[in-house]
Amino acid sequence: MANLAALIPGAKPTPIPGMDGPVAEIFGYGLWLIVLAGVGGVGFGVFKLAVSDKSRNNNGSEPFKWMGGGAAAVILSSSLIAILNGIAG
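Residues numbered from 1 in each chain as written. Predicted model: local features only at pLDDT ≥ 70, side-chain atom pairs only at ≥ 80, totals over all residues. Heavy atoms only, no water.

Focus on the confidence of the model for the protein
Link 1 in the chain: Looking at the protein as a whole, its pLDDT mean stands at 76, while 67% of the residues score no less than 70.
Link 2 in the chain: Mean pLDDT values over the elements of the protein span from 55, in helix 1 (residues 2-7), up to 84, in helix 2 (residues 22-51). (pLDDT = per-residue confidence, 0-100. Helix = DSSP H or I, 4+ residues; strand = E, 2+ residues; numbered from the N terminus.)

Next comes the structure, spelled out in structure tokens:
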């Protein structure tokens, strides 16, 4: 897991009471990866909005689906991180 920690700066998971060992560590890193994936989804949506055809006939709402899905992933995973840190802290 040391290589994974190098990819995610400052993402040292807080140990969860009752969930020790590799499961807790993988779960903590997984939540941070979901945050990064959500940020990537928002960025890809912004990119698609910038380069897409804005006509009504060519699925102009697709960039907003990417941005909405990415924002939802960031909000859900960051709230889970905050809840778990509150429980563990």
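Notes on the packing of aromatic side chains
Link 1 in the chain: Summed over the entire model, instances satisfying the criterion amount to 2 aromatic pairs.
Link 2 in the chain: Where F44 meets W66, the ring centres are 4.7 Å apart and the plane angle is 75°; that geometry is what we call edge-to-face. Remark: W66 occurs in helix 3 (residues 62-88) and F44 occurs in helix 2; sequence separation between them is 22 residues.
Link 3 in the chain: Residue classification places W66 among the partly exposed positions, given a relative accessible area of 38%. (Phe/Tyr/Trp six-rings, centres within 6.5 Å; stacked < 30°, edge-to-face > 60°. Buried < 20%, exposed > 50% of the residue type's maximum accessible area, 1.4 Å probe, protein only.)

With respect to the pattern of salt bridges
Link 1 in the chain: Evaluation of the coordinates by the stated rule reveals 1 salt bridge.
Link 2 in the chain: Of the charged contacts in the structure, one is a salt bridge between K48 and E62, with a shortest N-O distance of 3.9 Å. With K48 in helix 2 and E62 in helix 3, this residue pair connects regions lying 14 residues apart in the sequence.
Link 3 in the chain: Take K48: its relative accessible area is 22%, and that puts it in the partly exposed class.
Link 4 in the chain: Judged by relative accessible area, E62 falls into the partly exposed class, the value being 28%. (Salt bridge = Lys/Arg side-chain N within 4 Å of Asp/Glu carboxyl O.)

Focus: a nonpolar patch on the surface
Link 1 in the chain: Taken together, the side chains of F44, F47, V51 and W66 present a nonpolar region at the surface, about 400 Å² in accessible area.
Link 2 in the chain: Ranked by the residues each element gives to the nonpolar patch, the list is headed by helix 2, at 3 residues.
Link 3 in the chain: Mapping V51 onto the fold places it in helix 2. (Patch = residues over 30% accessible without salt bridge, like charges linked within 9 Å, V, L, I, M, F, W, Y side chains within 5 Å. Areas by Shrake-Rupley, 256 points an atom, 1.4 Å probe, with all protein chains shown as cover.)

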